[in-house]
Amino acid sequence: MSLRSASLAVLLVWTSACAVTRKDADPTVLVETRAGRELGVSTDWGIVFLGQSARFGRADVVVWYGDGPSIEPSVVEPVGGGLHVLEIEIRPPTVGIVFEEPEAGTWVDVVGRNGAGRWRARARVASHPGVEGLLLEVPPELDSPSDQVGAGVFVPGIRGRESLLGLVSGRVVLESAAGRAEYLTVVGPRDLWRLVAYRRTDALRHPFVYRDDVL
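Everything numeric in this text was worked out from a predicted model, so none of it was measured.

**Here we look at the nonpolar core**
Val-108, Val-110, Leu-136, Val-153 and Leu-165 are the most contacted members of the largest nonpolar core, which has 21 residues in total. Among the elements of the structure, β6 (57-64), β10 (107-114), β11 (117-126), β13 (134-137), β14 (152-156), β15 (162-176) and β16 (179-187) are those that each provide at least two residues to this core. Not counting the four nearest positions on each side in its chain, Leu-136 is found in contact with Val-108, Val-110, Ala-123, Arg-124, Val-125, Ala-126, Val-153, Tyr-183, Leu-184 and Val-186. The next biggest cluster of nonpolar side chains, apart from the first, holds 17 residues, and it includes Val-41, Leu-50, Leu-83 and Phe-154.

**Some points on the packing of aromatic side chains**
According to the stated counting rule, one finds zero aromatic pairs in the structure shown. The ring of Trp-64 carries Arg-113 above its face, with NZ or CZ at 3.6 Å from the centroid.

**Structural notes on the sheet that holds β6**
Strands sit in the order β3-β4-β5-β8-β7-β6 around a closed barrel of six strands; the barrel is antiparallel. Direction aside, neighbouring strands of the sheet carry axes that sit 40° apart on average. Sheet topology note: the β6/strand β7 (residues 69-80) ladder contains eight bridges and is antiparallel. Counterpart to Val-63 in the pairing with β7 is Ser-70.

**Let's talk about the pattern of salt bridges**
Applying the stated criterion across every chain, the model contains eleven salt bridges. Of the charged contacts in the structure, one is a salt bridge between Glu-101 and Arg-190, with a shortest N-O distance of 2.8 Å. Placement of Glu-101 in the loop between β9 (96-97) and β10 and of Arg-190 in helix α1 (residues 189-199) is noted, with a sequence separation of 89 residues between them.

Rules behind the numbers
Residues numbered from 1 in each chain as written. Predicted model: local features only at pLDDT ≥ 70, side-chain atom pairs only at ≥ 80, totals over all residues. Heavy atoms only, no water. Core = buried A, V, L, I, M, F, W, Y, C linked by side-chain atoms within 4.5 Å. Buried < 20%, exposed > 50% of the residue type's maximum accessible area, 1.4 Å probe, protein only. Helix = DSSP H or I, 4+ residues; strand = E, 2+ residues; numbered from the N terminus. Contact = heavy atoms within 4.5 Å. Phe/Tyr/Trp six-rings, centres within 6.5 Å; stacked < 30°, edge-to-face > 60°. Lys NZ or Arg CZ within 6 Å of the ring centre and 35° of its normal. Pairing = 2+ DSSP bridges. Axes fitted to C-alpha atoms, helices over the stretch in contact; angles between N-to-C directions. Salt bridge = Lys/Arg side-chain N within 4 Å of Asp/Glu carboxyl O.

So, in structure tokens, the structure goes:
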């Protein structure tokens, strides 16, 4: 995201296994490192997250396969554009990716995890003449600062399957003569292509394995 006028905005970035029933599986994951934890999303092209807590090194990925969390070891790989990817030994629940930004006013779903568990909120795509990039109106569920950096933004995909539009990266507050407005910022299709370009041959080099504790 770029600002045409720095005086317009202040960017507030959030810093912050057993047998499985697949219908309840969840592509939202937690990435845990020595520096902290953040949200990520497991896609057909790897587990993607923003690297706010760690941009390289070892990490644990908490994955929900259907009946509870499973902790899998991994290593952080940067792919550019502020995105980082992880790979785990067994295939996690995944979603596809879309590469076209929806028009302003389109409703999307924002999904994350906090101490109370998985949450989902509806939000509308917004636009502002002072900002280039994907913005969302702030849903009531996220009305106060939180540690939900990396929450997935989803739209309907093929055959009713959800697809990832982007990852929430923080908030932007815009002040002008027209008043004050606050939005969620999203790392979206303008950068997610990097994940596909980076991982396009990875499946051939790193096949998934299957374990008795995950069906």
